[in-house]
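Overview (structure and organization)
Chain by chain, the residues:
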Amino acid sequence: MVVAGNLCFSCWTNISPIYPAMSKTKATSRLLVNYPEPYRSEILDYLFKPNFGASLHILKVEIGGDGQTTDGTEPSHMHYALDENYFRGYEWWLMKEAKKRNPNITLIGLPWSFPGWLGKGFNWPYVNLQLTAYYIVTWIVGSKHYHDLDIDYIGIWNERAFDINYIKVLRRMLNHQGLQHVKIIASDNLWEPISASMLLDPELLKVIDVIGAHYPGTLTVKDARLTKKKLWSSEDFSTVNGDMGAGCWGRILNQNYVNGYMTSTIAWNLVASYYQQLPYGRCGLMTAQEPWSGHYVVEAPIWVSAHTTQFTQPGWYYLKTVGHLERGGSYVALTDGLGNLTVIVETMSYKHSKCIRPLLPYFNVSHQFATFDLKGSFSQIQELQVWYTKLGKPSERFLFKQLDSLWLLDSSGSFTLELQEDELFTLTTLTSGRKGSFPPPPKSQRFPSVYEDNFNIDYPFFSEAPNFADQTGVFEYYVNMEDPGDHRFTLRQVLNQRPITWAADAFNTISVIGDYSWSNLTIKCDVYIETPEKGGVFIAGRVNKGGILIRSARGIFFWIFANGTYRVTGDLAGWIIYSLGHADVTAKKWYTLTLTLNGRFSSGKLNGKTLWKNISVNFPENGWAAIGTHSFEFAQFDNFRVEASH
């Protein structure tokens, strides 16, 4: 028999508790906003509603910076130096929906990219420290002023260099604006060099409240512990949300504290609401990538989260008696200091709990018995609720199932668990746990084979058109005040300079849409080049890459340019030229482009007249439809239509 630990009330540590949470970040909720009701609200309930599903304690969002951040771009609240708009994108909406369900949820903002004007010609956000700090503070102030959202923590620059003086400037500016309550987390990268820098600089040590590391593999470093600051795994998980992802999540939620004293673990990403063929498809706590059908899947990581989130809260404390089980697995225990107790035990196997990173050293888990003794005032506990998850074969699989209570009346506070591999137990004094559910959502369907959008919306609720996923640049609804005719309402690419990038953004702007399996299709769109001489736009089909790989995207791209030429290329970058020639095109005039792809052949029309035809294209065989511009330039699109046969 394995004695797993004596849980003693006098042994709780004054450390802020685990906040298993999520980091929405990186354009991963793009398709969620387009879901019809009631399905959109159901998805949000599974994520945020207390004692229902994942019941998340933290929501961490990207501060949109106009650049590619893994699966798309998110718009900045300040595209240009004198521009401020706090209704772009969907992050404020998402935070409000989270707060609506859980007013106590903690909110974190973190930038990935920054608008280009902050760099003064350099791809660097620290050229003018005051200006960048001002930009971040406006986002925090705007969140409160326009949306009544209090941001609790702010980050520096995701997985990129930090600047010590910038962190100090940011703290001073926050204080000057009356935002003393907003805490700073740094550096959302590795434990070093931020920890050593803090130990060498008393002012830096004072202004940073939390050290956040990404994918720490459940381990911290000595310098981080010496700072005596809260230690968080501020981005983790990032694994396909089947049983392997659930096992990864269950293991690190416990072991990030057991091994590394991390009191918060934040999953990237919240919900897989982006086209699955983009990088890291289905690496969310649940899947909601079909707004056109309403279909979604409540994946196992939702219920693994619930084992911790439904039975602890921010402000609870870890007991000192946490650790590893003798034959593999781990256990943690937490209390609210008022007599409540939650014990979480996991026995995730090596084979079924590998996260996407870092490499997991081999370990063994086998059948065992674990005995727990409740001491001190915990010995008075008479009953513990039991919640159980078993991952693995469908016949043996249970997700967040409530078992019979454990009665401790005659046991002197002692109980024994029989443990197999790939199990998760929560034993708790709290009786509020619940496995929430809704009627099954609609069945999965492919993206409509005929799809059109004329962008005729007077007061759009979201700034971006449904289902378009911007991969470089930002495409927004636009109203032509001086055009009372057919093109009063359009979709406009609004960036006129390259952002300070986080990833390898393309040198052209592009937004993709549709079904990745599309092969034979006709795309038709009205286009308007705004830049004389140098401007250009395209429509495309069979686009085969997106996200951080967008720069190397292949496909069939039909371009027209303001200098009176056209091109047909096999890639976004324009290296593979199939055809080029003269076209009767100029800036500031509307044209209709039509691209037809049928088997190995393609053809294109300008204003209904064939411009080129029967060009042979062998690769790629399928992909998304797309629109875009030649450079970071203003251009407009209208009356988009695609007709496809798979």
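Rules used throughout
Residues numbered from 1 in each chain as written. Predicted model: local features only at pLDDT ≥ 70, side-chain atom pairs only at ≥ 80, totals over all residues. Heavy atoms only, no water. UniProt positions renumbered as here; feature names shortened; annotations may be inferred. Pairing = 2+ DSSP bridges. Helix = DSSP H or I, 4+ residues; strand = E, 2+ residues; numbered from the N terminus. Axes fitted to C-alpha atoms, helices over the stretch in contact; angles between N-to-C directions. Buried < 20%, exposed > 50% of the residue type's maximum accessible area, 1.4 Å probe, protein only. Core = buried A, V, L, I, M, F, W, Y, C linked by side-chain atoms within 4.5 Å. Domains from an automatic or database assignment. Contact = heavy atoms within 4.5 Å. Phe/Tyr/Trp six-rings, centres within 6.5 Å; stacked < 30°, edge-to-face > 60°. Lys NZ or Arg CZ within 6 Å of the ring centre and 35° of its normal. Patch = residues over 30% accessible without salt bridge, like charges linked within 9 Å, V, L, I, M, F, W, Y side chains within 5 Å. Areas by Shrake-Rupley, 256 points an atom, 1.4 Å probe, with all protein chains shown as cover. Salt bridge = Lys/Arg side-chain N within 4 Å of Asp/Glu carboxyl O.

- The name that an unreviewed UniProt entry assigns to the protein is Galactocerebrosidase, with the source organism given as Bison bison bison.
- We quote the UniProt Function (unreviewed entry) comment for the protein here in full: "Hydrolyzes the galactose ester bonds of glycolipids such as galactosylceramide and galactosylsphingosine. Enzyme with very low activity responsible for the lysosomal catabolism of galactosylceramide, a major lipid in myelin, kidney and epithelial cells of small intestine and colon."
- UniProt annotates the protein under Sequence similarities (unreviewed entry) with the comment "Belongs to the glycosyl hydrolase 59 family."

**A word on the sheet that holds strand β31 (residues 577-582)**
- Spatially, β23-β26-β35-β28-β29-β30-β31 is the arrangement adopted by the seven strands of the open sheet, whose pairing is antiparallel. At either end of the open sheet lies a strand with only one pairing partner, and these are β23 (469-472) and β31. Here the average twist between neighbouring strands, direction ignored, is 20°.
- Where strand β28 (residues 536-543) and strand β35 (residues 624-629) come together, five bridges link them in antiparallel fashion. What sits directly across from Phe538, in β35, is Gly628.

**Quick look at unusual backbone geometry**
- Following Glu192, the chain continues to Pro193 via a peptide bond in cis, the omega torsion being 10°.
- Take Pro193: it is sitting in the loop between β6 (183-189) and α5 (194-200).
- In the segment running from Arg357 into Pro358, the intervening peptide bond is cis, with an omega of -10°.
- Along the chain, Pro358 falls in the loop between β16 (341-346) and β17 (368-375).
- With a phi angle near 60°, Tyr280 is a residue other than glycine that sits in the positive phi range.
- By relative accessible area, which is 28% here, Tyr280 ends up partly exposed.
- The phi dihedral of Asn614 is positive, around 55°, even though this residue is not glycine.
- Within the fold, Asn614 resides in strand β34 (residues 609-616).
- On the basis of relative accessibility, which here comes to 55%, the residue Asn614 falls in the exposed class.

**So, the nonpolar core**
- Residues Phe48, Leu59, Ile154, Ile167 and Leu170 are the most contacted members of the largest nonpolar core, which totals 104 residues.
- The element contributing the most residues to this core is helix α3 (residues 129-147), with eight residues.
- No fewer than three residues from each of domain 1 (22-294) and domain 2 (450-645) sit in this core.
- When near neighbours in sequence (up to four residues on either side) are disregarded, Ile167 contacts Ile156, Phe162, Ile184, Ala186, Ile194, Leu204, Val207 and Ile208.

**Let's talk about the packing of aromatic side chains**
- Evaluation of the coordinates by the stated rule reveals 49 aromatic pairs.
- Between the aromatic rings of Tyr275 and Trp624, the centroid separation amounts to 6.0 Å while the plane-to-plane angle is 45°, which identifies the pairing as tilted. With Tyr275 in the loop between β10 (271-272) and β11 (286-290) and Trp624 in strand β35, this residue pair connects regions lying 349 residues apart in the sequence. For the pair Tyr275 and Trp624, a shared accessibility class is recorded, and that class is buried.
- Relative to Phe398, the ring of Tyr388 has its centre 6.1 Å away and its plane inclined at 45°; by these criteria the two rings are tilted. Of this pair, Tyr388 sits in strand β18 (residues 383-390) while Phe398 sits in strand β19 (residues 398-407), and the two are ten residues apart along the sequence.
- For Tyr388, a relative accessible area of 11% translates into the label buried.
- Given the relative accessible area of 35%, Phe398 is considered partly exposed.
- Connected via pairs of aromatic rings, a cluster forms that spans Tyr46, Phe52, Tyr296, Trp303, Phe311, Trp387, Phe400 and Phe438.
- Positioned over the ring face of Tyr215 is Arg357, at 4.4 Å from the centre of the ring.
- Note that Arg498 overlies the ring of Phe507, its terminal NZ or CZ placed 4.6 Å from the centroid.

**A short note on a nonpolar patch on the surface**
- Taken together, the side chains of Phe122, Trp124 and Val127 present a nonpolar region at the surface, about 310 Å² in accessible area.
- Turning to its location among the elements, Val127 is positioned in the loop between β4 (106-111) and α3.

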